[in-house]
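# Summary of structural features
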Amino acid sequence: MSLPHFLTWLEHSPLGVFMRSLGVWSYGVINLVHILGITLLFGAIVILDLRLLGAWRQIPLALLSRPTTTMAQIGFVLAVCSGIPMITVKSTDYIGNPFLLIKFPAIALALLNVWLVHRSPAWQAHGVRELTQGEQRLLAFGAGLSLLFWLTAITAGRMIGYW
Amino acid sequence: MLRMSLALFLIATPAFAHHGWGGQEEAVTSLTGTVVQGVSMAGPHATMTIKVANDVWDLTLAPPPRAERAGLKEGLIPVGATVMVRGNRNLDHAKHEMKTIYIKHGAAEYHVYPDRE
């Protein structure tokens, strides 16, 4: 199924029909949830990534990693749960929108990066023992990629509406 | 001076919020056509499409709550009805798209963006 076909199918899906029936404030409210999700996700990620890149070294990484990853996960779930219904409202409007083709691959790369970092021996050891220089550099590299991918996704996402 | 321009900016901003009018012509265009798709109140902006001669025009209206305050409702203007609309058309004339300021349907008038008239 091509992307235009998929978007047409999405618009006519029961979720799309339901979303269009919810009244004049519904899009604004769901958009609000999307923005709250993004702020939680990115706000938490920035703190963790900057710490991994060398900021606030006096704060132990193990102390920061738990609250930041938890809030980022909550933010991501909110963004997905609001984003999917939002895109069904007028999916066909996005046919030919180049920013869509930047946003979703950027999210995929960001998630792949999360997966790779979290299964790295360096990340798994960070609460248990001091990390070596090499391990710290590896996590800093992952943090840099994380900022790049999430910023790209957010920027492209915002620009979708201006195309 | 700075405070005054800031105040002007704040006053001017709401109408330009979200997608903005940057891609539209300064000049106001009038169109008369028949409704192809009636007013939809879903999404970031209310929309409708009309047929003028052989072209189908996408009309972008205000955000749904504002369109509702202007008196618009879904189903109020039936498909096939003749309407006259005024607005700022897309700078790209290959696109038949217009940010709509005003709609007249019979005796009914809808001032979608009264501050732009």
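What you are looking at is a predicted structure, and each value in this text was computed from that prediction instead of being measured.

### Focus on the overall build of chain B
- On a plain count of helices and strands, chain B comes out with two helices and six strands.
- When its helices and strands are written in sequence order, chain B yields α-β-β-β-α-β-β-β.
- Accessible area of chain B: about 6300 Å², with a carbon and sulfur share of 60%.

### Things to note about the overall build of chain A
- Per the secondary structure count, chain A includes seven helices and zero strands.
- Along chain A, from the amino end to the carboxyl end, the secondary structure elements read α-α-α-α-α-α-α.
- If you line up chain A on its principal axes, its C-alpha atoms span 55 × 30 × 25 Å.
- Across the 163 residues in chain A, those meeting the buried criterion constitute 40%.
- Put simply, of all contacts in chain A between residues at least 6 apart along the chain, 77% involve residues at least 24 apart.
- For chain A, the accessible area works out to roughly 9500 Å², and carbon and sulfur atoms hold 73% of it.

### A word on the packing of aromatic side chains
Residue and element names in this part refer to chain A.
- One pass over the structure, following the stated rule, counts three aromatic pairs over all chains.
- Ring plane angle 70 degrees and centroid distance 6.1 Å describe the contact between phenylalanine 76 and tryptophan 150, whose orientation is recorded as edge-to-face. Here the residue phenylalanine 76 occupies a position in helix H4 (residues 61-89), and tryptophan 150 occupies one in helix H7 (residues 133-160), the gap between them amounting to 74 residues.
- Judged by relative accessible area, which is 23%, phenylalanine 76 ranks as partly exposed.
- On the basis of relative accessibility, which here comes to 5%, the residue tryptophan 150 falls in the buried class.

### Focus: the pairing of strand S5 (residues 97-105) of chain B
Residues and elements named next belong to chain B.
- Most of S5 sits out of view: seven of its nine residues are buried.
- Here strand S3 (residues 55-60) runs beside S5; their pairing, made up of three bridges, is parallel. Looking across to S5, one finds that threonine 60 is bridged to lysine 99.
- Relative to S5, strand S4 (residues 82-89) is paired through six bridges, and the arrangement is antiparallel. Following the sheet pairing, glycine 87 is matched in S5 by threonine 100.
- Pairing analysis gives four bridges linking S5 to strand S6 (residues 108-111), with the strands arranged antiparallel.

### Notes on the interface of chain A and chain B
- Taken residue by residue, the interface counts nine residues in chain A and 13 residues in chain B.
- Carbon and sulfur atoms supply 61% of the area that chain A and chain B bury against each other, a total of about 960 Å² over both sides.
- The largest contributions to the chain A side of the interface with chain B come from A:Val24, A:Tyr27 and A:Lys90, which together make up 53% of the buried area.
- The tally of links from chain A across to chain B stands at zero salt bridges.
- Inspection of the chain A/chain B interface yields three residue pairs in polar contact (both at pLDDT 80 or more).

### Comments concerning H7(A)
All names here are of chain A.
- The terminal C-alpha atoms of H7, which comprises 28 residues, lie 41 Å apart, in line with the 40 Å expected from a rise of 1.5 Å per residue.
- By the burial criterion, the buried members of H7 are Glu135, Leu139, Ala140, Gly142, Ala143, Ser146, Leu147, Phe149, Trp150, Ala153, Ala156 and Ile160.
- Residues of H7 that are buried make contact with helix H3 (26-52), H4, helix H5 (100-118) and helix H6 (121-125).

### A closer look at a nonpolar patch on the surface
Residue and element names in this part refer to chain A.
- Together, Ile47, Leu50, Leu53, Trp56, Ile59 and Leu63 make up an exposed nonpolar region whose accessible area comes to about 510 Å².
- Note that leucine 63 resides in helix H4.
- Judged by its relative accessible area of 58%, leucine 63 is exposed.

### Some thoughts on the confidence of the model for chain B
- Taken residue by residue, chain B gives an average pLDDT of 86. The fraction at 70 or more is 83%.
- Per-residue pLDDT stays below 50 along residues 8-18 of chain B; that stretch engages in nine contacts with residues further than four places along the chain or on separate chains.

What counts as what
- Residues numbered from 1 in each chain as written.
- Chains lettered and ligands numbered in written order.
- Predicted model: local features only at pLDDT ≥ 70, side-chain atom pairs only at ≥ 80, totals over all residues.
- Heavy atoms only, no water.
- Helix = DSSP H or I, 4+ residues; strand = E, 2+ residues; numbered from the N terminus.
- Areas by Shrake-Rupley, 256 points an atom, 1.4 Å probe, with all protein chains shown as cover.
- Buried < 20%, exposed > 50% of the residue type's maximum accessible area, 1.4 Å probe, protein only.
- Contact = heavy atoms within 4.5 Å.
- Phe/Tyr/Trp six-rings, centres within 6.5 Å; stacked < 30°, edge-to-face > 60°.
- Pairing = 2+ DSSP bridges.
- Buried area = accessible area lost by both parts, 1.4 Å probe.
- Salt bridge = Lys/Arg side-chain N within 4 Å of Asp/Glu carboxyl O.
- Polar contact = N/O pair within 3.5 Å; in protein donor to acceptor, adjacent residues only side chain to side chain.
- Expected span 1.5 Å × (residues − 1).
- Patch = residues over 30% accessible without salt bridge, like charges linked within 9 Å, V, L, I, M, F, W, Y side chains within 5 Å.
- pLDDT = per-residue confidence, 0-100.

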